[in-house]
Amino acid sequence: MFRYILNRIVAMVITLFIIVSIAFMVVRLMPGSVYEMGGDLSQTVIDALNAKYHFDEPIIKQYGYFLQNIFLHWDWGTSAKMRPNVPVFEILKDRIPITLQINLISLFAALPVGMAAGILAAIRKNTIVDHLVSLMVVLFISIPSFVFAAGLQYFLGFKSGAFPIIYNVSAKGLLRWQSMFMPILALSFDPIARVARYLRAELAETMNSEFMLLAKTKGLTYAQSTIRHGLRNSMVPLMNIIIPMFANVLGGSLVVESIFSVPGMGGLMVDSINASDHMLTVAILMFYSLISLITVLIVDISYGIVDPRVRMGGEK
Amino acid sequence: MVFYENDREKYDAISKDLFRLVQKDEEIHDVEFKTKPIGFFMDVWLRFVKNKASVVAAAIILIIAFFAVFGPGMNEYRYDEQHTARINMPPKIPFIAKLGIGVFDGGFTLENRKYDNLNDTDRYPEGSVLGILNPRLVSGERIVDVEVDYYKYMGMDDDECFWFGSDYLGRDIWTRMWRGARVSLIIAIVSVCCNVVIGVIYGSISGYYGGKVDMVMMRITEIINAFPRIVIVTLFIMVAGTGMFSIIMSLVIKDWVNTARMVRSQFYRFKGREYVLAARTLGVKDMALIFRHILPNSIGPIITSSMIAIPSAIFAESFLAYIGLGLQAPEPSIGVMLSQGQKVLLHYPTQVVFPAVVISLLMISFNLFGNGLRDAFDPTLRGAE
């Protein structure tokens, strides 16, 4: 088991290293220099800046400096356009908690709702409740989160005025939660639908299995057999779809955050791409890669715990 | 319950003389099948049309595709034609406006206007005021919200109208939206086709040969799969520049892996079957075995999975437009229009509504259509994921 986990972690680090290298090369080999002429910078200043950040040296050397800075000083470079001369990591440090907060809350808020809908649909299979849940699943999965976000912003925010139109940075306490409500809601539609669809299929299959018949024959009531035997068995694989869903939600939050002007990673990524602040873009992409690799790692490890065949490297 | 009649005795009663041997060249009086045999695709079609939701979805896709092809040519505007004096016009369709049901009539609410000015025909031309809302007194002035026919208010001719309104540069939204739908559909379909071609070739080679070849090829797909999609797409577009081709390529670069894996697992299912062994014994070449004998088995899953990949490609395209890596102006796409409309959402919501409705309808329809196809191709998977 320990060897398996170590194996996965090493694979993850190698992948991350490859992504860092590719991202660095892509950004540096793009035409145009970081500090453009024609702005309010004179040639002397540009030369000085280029010398300071080693932009005047060969690309291989720059790559060496880049890796050296990351590994020795945890220095991801310096922002050139968005907030000149501020280290990239400083900019990210304020942003990461907000993004993680919004994404995790929307994921965990979606869980009970999705589970309730899925369970309801499974035990009332082929009734009107089931059809309504199926309709909801199709709508929530199909309609993109930014369309939901625009709708919420217009109707809940602008027309009814129940919630602030954009995220309120300075608010504290209840007001802050109020301004976080709409981005969270917009992001949670997709996980709700996915959890509901998955649990419905899983539970409906479990309900037909032999041990459920046995449980009923033993004299358990419908509720007892469903909760103790049916539900418990269909919960096991649920974890493995929730964790990868986090990467999915994070992708949607890129756009939703910029719609609601949330000062998180999403808005920052959009701004840094538009301002072509490349060092910042590389660092943000690394953040997203790291998150998605960690989710894959957790899934791999949990599969390894549940299913010994995976970690022994047996035939699939 | 009687499953079959034991009529042995009945036949025993018939005298033996009545029987004679039939020769090979004689006509054999056998029971003919009343029904015609139906092929694989007919079978799929019969099951597909039973699913009403997916038939409706297919019809909606066809309607949107029709408008995507012919919609931009239906009125006199071009997609990049700017009317700087006619910016942010509300939608107006003449024959619906005549019905007077309050939609598509060019109506627009001007807020906080002085009541006393309403009769001034210089400001409000004849017949432009449709209704007066919310009268109130603000520091002695009578202030109202006026609902006007914006086209008359701007002093435009009756026959000049933007069916779905115009955007912040005075471009016709109807034309742009259908052109955008066309672009989005082309991006989605071309990228999915490329995925299928690459995935099928890669997956069949990997699945058919197995062993070391398979191991190396699957390792490669694992590495590609480990890269997060957002990151790979963003980086690719940053290198290749924005444009239809690079958006398509950025979607292909990772998504073919799924098709390849699916095809590979299909090959693993079928390559050990007896009929494959029989064909190989008869000396059929590898290529023929792969493409004629084994691959047709996976046609169902391939079509289904590519149908389900289309909405995710449409989504990815809009997503790129939102983060500023979409198509170059003035070329529209659904995502470009949504992200532009988002900026003026609170004042001119119609600029978001139309593209949002089209993209939602497309996504819902493709998902339902894909589900219907999956059930039709493989009824045992019904309701499963």
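Calculation notes
Residues numbered from 1 in each chain as written. Chains lettered and ligands numbered in written order. Predicted model: local features only at pLDDT ≥ 70, side-chain atom pairs only at ≥ 80, totals over all residues. Helix = DSSP H or I, 4+ residues; strand = E, 2+ residues; numbered from the N terminus. Rg over C-alpha atoms; globule rule 2.2 N^0.38 Å. Buried ≥ 20, exposed ≤ 12 C-beta atoms within 10 Å, placed from the backbone. Contact = placed C-beta atoms within 7 Å. Nonpolar A, V, L, I, M, F, W, Y, C, P; charged D, E, K, R; others polar. Expected span 1.5 Å × (residues − 1). Pairing = 2+ DSSP bridges. Axes fitted to C-alpha atoms, helices over the stretch in contact; angles between N-to-C directions. Parallel < 35°, antiparallel > 145°, perpendicular 65-115°, else oblique. Left-handed = near helix turned anticlockwise from the far one by under 90°. pLDDT = per-residue confidence, 0-100.

Section: the overall build of chain A
So, point 1. In terms of helices and strands, chain A carries 13 helices and zero strands.
So, point 2. Helices and strands in chain A line up, N terminus first, as α-α-α-α-α-α-α-α-α-α-α-α-α.
So, point 3. Computed over the C-alpha atoms, the radius of gyration of chain A is 25 Å, more than 25% above the 20 Å expected from 2.2 N^0.38 for a compact globule of 316 residues.
So, point 4. Dimensions of chain A, computed from C-alpha atoms along their principal axes, come out at roughly 85 × 60 × 35 Å.
So, point 5. Relative to its full complement of 316 residues, chain A shows a buried share of 35%.
So, point 6. Sequence separation of at least 24 residues holds for 71% of the intrachain contacts in chain A that already meet a minimum separation of 6.

Things to note about the overall build of chain B
So, point 1. The helix and strand inventory of chain B stands at 14 helices and three strands.
So, point 2. With the principal axes as the frame, chain B shows a C-alpha extent of 115 × 60 × 40 Å.
So, point 3. For chain B, with 385 residues in total, the buried portion stands at 38%.

Thoughts on the interface of chain A and chain B
So, point 1. Contacts between the two partners involve 36 residues from chain A and, on the opposite side, 33 residues from chain B.
So, point 2. Mapped by element, the contributors of at least two residues to the side of chain A that touches chain B are α1 (2–28), α5 (128–142), α6 (145–159), α7 (174–207), α10 (238–259), α11 (265–274) and α12 (278–306) of chain A.
So, point 3. Residue composition of the side of chain A that touches chain B, by class: 28 nonpolar, seven polar and one charged.

Here we look at α5 of chain A
Note on helix geometry: an α-helix contains 3.6 residues per turn, so any two residues three or four positions apart are oriented the same way.
So, point 1. The first and last C-alpha atoms of α5 of chain A sit 21 Å apart over 15 residues, in line with the 21 Å expected at 1.5 Å per residue.
So, point 2. Tucked into the core, α5 of chain A has its buried residues touching α4 (88–123) and α7 of chain A together with α12 (299–322) and α14 (350–377) of chain B.

Details of the sheet that holds strand β2 (residues 129–138) of chain B
Residue and element names in this part refer to chain B.
So, point 1. The three strands lie next to each other as β1-β3-β2, forming an open sheet whose pairing is antiparallel. The open sheet terminates on both sides in strands that have one partner only, identified here as β1 (107–114) and β2. Put simply, the sheet's adjacent strands are angled 15° from each other on average, direction ignored.

Here's the deal with unusual backbone geometry
All names here are of chain A.
So, point 1. For N126, which is not glycine, the phi torsion reads 60° and is therefore positive.
So, point 2. Structurally, N126 can be placed in the loop between α4 and α5.
So, point 3. In this structure, S261 takes a positive phi of about 50° despite not being glycine.
So, point 4. For S261, the location among the structural elements is in the loop between α10 and α11.

Here we look at the packing of helix α9 (residues 244–270) of chain B against α12 of chain B
Helix-helix packing: each pair is described by the crossing angle between the helix axes and the interaxial distance.
All names here are of chain B.
So, point 1. At a closest axis distance of 11 Å, the pairing of α9 and α12 adopts a crossing angle of 155°. On the basis of the axis angle, α9 is roughly antiparallel to α12. The interaxial crossing formed by α9 with α12 has right-handed handedness. Where α9 approaches α12, its residues I247, L251, D255, T259, M262, V263 and Q266 are matched on the opposing element by P301, I302, S305, A309, A313, A316, E317 and L320.
So, point 2. Classifying every residue of the contact of α9 with α12 gives 10 nonpolar, three polar and two charged.

Focus on the packing of helix α6 (residues 173–209) of chain B against α14 of chain B
Residues and elements named next belong to chain B.
So, point 1. Packing of α6 against α14 leaves a shortest axis separation of 11 Å and a crossing angle of 30°. Judged on the interaxial angle alone, α14 and α6 are roughly parallel. Crossing angle aside, the handedness with which α6 passes α14 is right-handed. Of the residues in α14, those in contact with I173, M177, G180 and A181 of α6 are Q351, F354, P355 and V358.

Quick word on the confidence of the model for chain A
So, point 1. On average, chain A scores 81 in pLDDT, and the residues at 70 or more come to 93%.
So, point 2. Per-element mean pLDDT across chain A ranges from 63 in helix α13 (residues 308–311) of chain A up to 89 in α5 of chain A.

Digging into the pairing of strand β3 (residues 141–149) of chain B
All names here are of chain B.
So, point 1. Bridging between β1 and β3 involves six bridges; their strand directions are antiparallel. Directly across from R113, in β3, lies its bridge partner V144.
So, point 2. One ladder, built from seven bridges, connects β2 with β3; its direction is antiparallel. When the sheet's bridge partners are listed, L133 is paired in β3 with D145.
So, point 3. Taking the residues between adjacent antiparallel strands as the criterion, β2 and β3 are bridged by two residues, where S139 takes a positive phi near 40°.

Describing the environment of I308 of chain B
Residue and element names in this part refer to chain B.
So, point 1. Within the secondary structure layout, I308 lies in helix α12.
So, point 2. For I308, a count of 18 C-beta atoms within 10 Å corresponds to the partly exposed category.
So, point 3. Residues I308 and N371 lie 63 residues apart in sequence; the distance between their C-alpha atoms is 7.9 Å.

Comments concerning α1 of chain A
So, point 1. Between its first and last C-alpha atoms α1 of chain A spans 39 Å; for 27 residues at 1.5 Å apiece the expected length is 39 Å, and the two agree.
So, point 2. Among the residues making up α1 of chain A, those that are buried are I19, V20, A23 and F24 of chain A.

Focus on the confidence of the model for chain B
Low pLDDT means the predicted coordinates in that region are not meant to be read closely.
So, point 1. Looking at chain B, pLDDT values average 81 and 94% of them are 70 or higher.
So, point 2. With a pTM of 0.83, the predicted complex shows an ipTM of 0.81.

Here's the deal with the environment of L277 of chain B
Residues and elements named next belong to chain B.
So, point 1. Of note, L277 is situated in helix α10 (residues 274–281).
So, point 2. Look at L277 and you get exposed, because 11 C-beta atoms sit within 10 Å.
So, point 3. As for L277 and L289, which are separated by 12 residues in sequence, their C-alpha atoms are 9.8 Å apart.

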